[in-house]
Amino acid sequence: MVGLVIVSHSYSLAQGVLELTRQMATPGVKIAAAGGLDDPDHSLGTDPFLVQRAIEAVDDPDGVLVLMDLGSAILSAEMALDFVTEETRQRVLLCEAPLVEGALAAAVQAGLGSSLAVTAAEARSALLPKATHLGVHAAEPAALPPVSATDRPIQRRLIVRNRLGLHARPAALFVQTVGRFASSVTVRNLTRHGPAVNARSINLVATQAIRQGDEIELNASGADAEAALAALQQLADAGFGDGIAPLNGELAAPASAAVRALEPAPDVGVVTEPGLADQDEPQGWLQGVAASPGIAIGPARRFEPTVAAVTRKVVANPAAEWQRLQAAMQAVRQQIKTTHGLLLQQGARAEAAIFDAHLLFLDDPALLDPAHEGIFNQASNAEAAWQDSIEATAAAYDALDDPYLKARAADVRDVGRQVLFALTGERAAFCLDTPAIVVADDLAPSDTANLDRSKVLALCTARGGPTSHSAILARTLGIPAVVGLGARVLALPTNASLVVDGDSGAVLVNPDASEAATWEARRAAWLAARQQAAAASQQGAVTTDGVHVEVVANIGSVADARRAIEAGAEGVGLLRTEFLYLNRDTAPTEADQEEIYRAIFDIMGQRPVVARTLDVGGDKELPYVNLGHEDNPFLGARAIRLYQERPDLIEPQLRALLRAAVGHRVRIMFPMVATADEVAMLRSQLERVQRELAGAGVPAPVDLQIGIMVEIPSAAVMADQLAPTVDFFSIGTNDLTQYTLAAERGNPRVAYLADALHPAVLRLIAQVIKAAHACGRWVGVCGELAGDLTAIPILLGLGLDEFSMSPASIPAAKQRLRALNRRAATALAQSVLMLDSAQAVRAAVRAAEAERAGA
Ligand code: PEP
Ligand code: MG
């Protein structure tokens, strides 16, 4: 839609025209005023920078029309064009039309979705009505199509006959139908004497409380007004997608069973759950992806993070603030589309339609216009303006009598909250009063990290894969978890009784008494086995033929370091330094970093610690590192690829690590290395920092080793050339698997492909170990594969030196290694490299196990 800018010498005049114009314009039209000078008392004059900001604020692909009063207003507007981007400049038109009349006419025309040329023509001929009235001559509209009968508003009245009236889904269909036409359409509830409202606004339509039997009046103007009204009539005849219900004793027309199933029964109470709760409650077994072993039994609790309190600020650059809001909305739009797509894939069409309504909220002038107003007229920050707008709309729903419509306030707040998350990146902690199984759409690593371990019995998520970072954290915390269960899991009501089997990835809903008893017994057996492994956890992992294998921990916090020692870790094979700062919205200082590294190194004493430098990007975002949008973040500028352009991210970290490492056995490891050139670049960056510290008299740590993660296939393939340049390799099988099989690690739809036991990945691991050993370098695996009990014999057989895993996995992994024979494992490993699938590898390991047990 064309945007409008009003430029005047007088701030008050510009504001006055703005106010007047807004009265006339369709709510979606963006209008900005640039009046007076940019100073507190708005002295008379014109300011090109104010004009520039106004243009940017209303900039639109359809163009921007600038109307000016006189003299320097024109010069300032021309100058402003030198300050905007070339792209914007191309679509700005400085128009000679009269300011007041032109602005009013242009606002109405822009609201019809007319082009820039048509809008400008309408503005230019805006003196016509006045001239006609006064009997003088004025210019005829130039570019406007000839006025035809269809350009005058036409009217139609309809009776709403579907049983629930225009509640969320029918209202969404109504607005979507209007959206197919260029004409402007208003709707009015005649029965309830409502005002005429813009029919393109889902909120304005829904809050008209249009019920079964109500008569509505539609007014449409524009070239396709007839067609628009005909389509709306057709929609009404079909009961707005719900089917026709009888009115006052009429016979019922049959509605589809699916539609009926979704409608609340006539005597139902207030529906309090948002959107997805309208789904049928799942029963029986649900199959997902095993993410963290163990068995849990308990009541379901939906993870509902609340937004941390919004801080109100006065902003100096409203255009930038508006931009932030747009970006956040775009991110949420994308998320909603993904969920919508998943539901459609599962055949849940009616449930998916709920998300259509959520998408409409994001384009709704009833939400956008007040937010725009708040940002540009009150200089509010995006968070505050958006929250105010959401609350006002939700309150309008709250005020309705109809319990079904009332409950739609939750939908508005739900969408509103998602946008606030996207804006702030902040979620307030989620608290459980009593132990429960947490059910969530997905959990960000920070959500998982903040869960109260003593209360969370298990995690079940609709999305996510076994190597997504939330799954890794669940394993670290020793919480059974099943991910990738699909959107249906979100329809589980609070307190539904669940059994979660983290080993097989299955969840049982509402078990009967005998099932519950069986699973209670299995849980008891699992806890006993865990207890037994824990009792031996401090002993070394020595194979039956006397080979000692190093078992170390993957950690991401000081608490993890303590957990690692308790679990029997002989050191740390991966300190994920980015996990230390997930909950901060400002970068840690060098001193902060040094303190936390020292705390971890002190806990580990003389045990080796591999500290990985910042690995931000992919599915790991840090609030204070703005990575910008990338279509494929897993293939983008992440981890070490940022170090050259952002020395502020890496150099303080290297200094802090080197200072804290004095007196400890620290290894520095670089993530996401793809080429030998990168190793050279990283080494020279590190050496520069080392020289700097030496120059400042800081002692250097002794026994410092420098290594790289091998997690990109190119590094695995070139391992023979990389080995001489480093002290060690640590294979990151999580990323190595996703990049080898081109299957994103958090995406449940490709979880069947992203299997690290695939021989393609195992062959790369074999190649890396061989190349490193040929050069006298040691090799670890710090991906999740190292703690996988099926993979352990293979990795042992391939000659792996160090197994690094979540602390919670250590006792069982050690038990497993103690039972193995290295020579037999070598034969097994060589044979599985020849197989053709991960399933075949698993079967081979099972067969070897059965043979060993039988021997
Ligand atoms: C890996 O990719 O295997 C790894 C250990 O690193 P992260 O999981 O942190 O990406
Ligand atoms: Mg990785």
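Quick look at the structure, then. What you see as residue numbers is a count from 1 along each chain, following the sequence as written. The order in which chains are written sets their letters, starting at A; the order in which ligands are written sets their numbers, starting at 1. Restriction of local features to residues with pLDDT of at least 70 applies here, the model being predicted, together with a cutoff of 80 or more for giving and counting side-chain atom pairs; totals for whole chains, interfaces and linings are based on all residues. Water and hydrogen atoms play no part in the side-chain values, which are based on all heavy atoms of the structure.

**Focus on the sheet that holds strand S10 (residues 289–292)**
Okay, step 1: One open sheet accounts for eight strands, arranged S9-S16-S15-S11-S12-S13-S14-S10; its pairing is mixed. Each of the sheet's edge strands pairs with one partner strand only, and the pair in question is strand S9 (284–287) and S10. Each neighbouring strand pair of the sheet contributes to a mean axis angle of 30°, computed without reference to strand direction.
Okay, step 2: Pairing geometry for S10 and strand S14 (residues 481–483), over three bridges, is antiparallel. Only strands that DSSP links by at least two bridges are regarded as paired with each other. Secondary structure elements follow DSSP: runs of H or I no shorter than four residues count as helices, runs of E no shorter than two count as strands, and numbering proceeds from the N terminus. Whenever a helix is involved, its axis is fitted only over the stretch in contact; in every case the axis is a line through C-alpha atoms, and angles between N-to-C directions fall within 0 to 180 degrees.

**With respect to the nonpolar core**
Okay, step 1: Remark: nonpolar core denotes a set of buried residues (Ala, Val, Leu, Ile, Met, Phe, Trp, Tyr, Cys) joined through side-chain atoms within 4.5 Å. With a 1.4 Å probe rolled over the protein chains alone, any residue whose accessible area is under 20% of its type maximum counts as buried; one over 50% counts as exposed, and the rest are partly exposed. Counting residues in hydrophobic clusters, the biggest one holds 99 residues, and the most contacted among them are Phe670, Phe729, Ile765 and Phe803.
Okay, step 2: Looking at this core, the element that brings in the most residues is helix H28 (residues 759–774), giving nine residues.
Okay, step 3: Dropping the residues within four chain positions of it, Phe803 is found in contact with Val549, Glu550, Val551, Val552, Val781, Ala786, Ile792, Leu795, Leu796 and Leu817.
Okay, step 4: Within the second largest apolar cluster, 61 residues are counted, among which are Phe174, Val175, Ala225 and Val415. Throughout, a residue-residue contact means that at least one pair of heavy atoms, one from each residue, lies within 4.5 Å.

**Structural notes on the packing of aromatic side chains**
Okay, step 1: Ring pairs are drawn from Phe, Tyr and Trp, using the six-membered ring of Trp, whenever the two centres fall within 6.5 Å, and their geometry is named by plane angle: stacked under 30 degrees, edge-to-face over 60, tilted for the rest. Per the counting criterion, the structure on display carries six aromatic pairs.
Okay, step 2: Consider the rings of Phe174 and Phe240, whose centres lie 6.3 Å apart with planes at 45°: the pair is tilted. Of this pair, Phe174 sits in helix H8 (residues 168–179) while Phe240 sits in the loop between helix H10 (225–237) and helix H11 (257–262), and the two are 66 residues apart along the sequence.
Okay, step 3: Exposure remark for Phe240: the relative accessible area of 1% places this residue in the buried category.
Okay, step 4: Aromatic side chains Tyr597 and Phe601 sit 6.5 Å apart centroid to centroid with 20° between the ring planes, which places their arrangement in the stacked category. Note that Tyr597 and Phe601 are positioned in helix H22 (residues 590–604) at a spacing of four residues, about one turn of the helix. Grouping residues by exposure puts Tyr597 and Phe601 together as buried.
Okay, step 5: Arg522 extends its terminal NZ or CZ atom over the ring of Trp519, reaching a point 4.5 Å from the ring centre.
Okay, step 6: Sitting over a ring, as applied to charges here, requires NZ of Lys or CZ of Arg to be within 6 Å of the ring centre and within 35 degrees of the ring normal. The side chain of Arg576 reaches across the aromatic face of Phe579, ending 5.6 Å from its centre.

**Some thoughts on the site of ligand 1**
Okay, step 1: Only heavy atoms are used to decide nearness, and a residue is near a molecule or strand if one of them lies within 4 Å of it. Around ligand 1 sit 16 residues, and of these Arg576, Arg612, Lys620, Asn734 and Arg745 come closest.
Okay, step 2: Counting of polar contacts relies on pairs of N or O atoms within 3.5 Å, with two restrictions inside protein: one atom must be capable of donating a hydrogen and the other of accepting it, and residues adjacent in sequence are counted only when both atoms are side-chain atoms. Contacts to ligand 1 include Arg745, whose side-chain N or O atom sits 2.7 Å from an oxygen atom.
Okay, step 3: For the shell around ligand 1, the secondary structure elements donating two or more residues are helix H19 (469–477), strand S19 (572–576) and helix H27 (733–741).
Okay, step 4: In terms of residue count, H27 provides more of the shell around ligand 1 than any other element does, three residues in total.
Okay, step 5: Three classes are used, and their members are as follows: Ala, Val, Leu, Ile, Met, Phe, Trp, Tyr, Cys and Pro are nonpolar, Asp, Glu, Lys and Arg are charged, and the others, Gly among them, are polar. Its residues assigned to classes, the shell around ligand 1 comprises four nonpolar, five polar and seven charged.

**Details of the packing of helix H23 (residues 647–661) against helix H24 (residues 676–695)**
Packed helices, taken two at a time, are described by the angle their axes make and the gap between the axes.
Okay, step 1: Orientation of H23 relative to H24, taken along the N-to-C sense of each, is 55°, at an axis distance of 10 Å. By the angle class used here, H23 and H24 are oblique. The way H23 lies across H24 gives a crossing that is right-handed. On H24, the residues that touch Ile650, Glu651, Leu654, Arg655, Leu658 and Arg659 of H23 are Gln685, Leu686, Arg688, Val689, Gln690, Glu692 and Leu693.
Okay, step 2: For the contact of H23 with H24, the residue count by class is six nonpolar, two polar and five charged. We call two directions roughly parallel when the angle between them is under 35 degrees, roughly antiparallel when it is over 145, roughly perpendicular when it lies between 65 and 115, and oblique otherwise. Rotating anticlockwise by less than a right angle from the far helix to the near helix defines a left-handed crossing, while the corresponding clockwise rotation defines a right-handed one.

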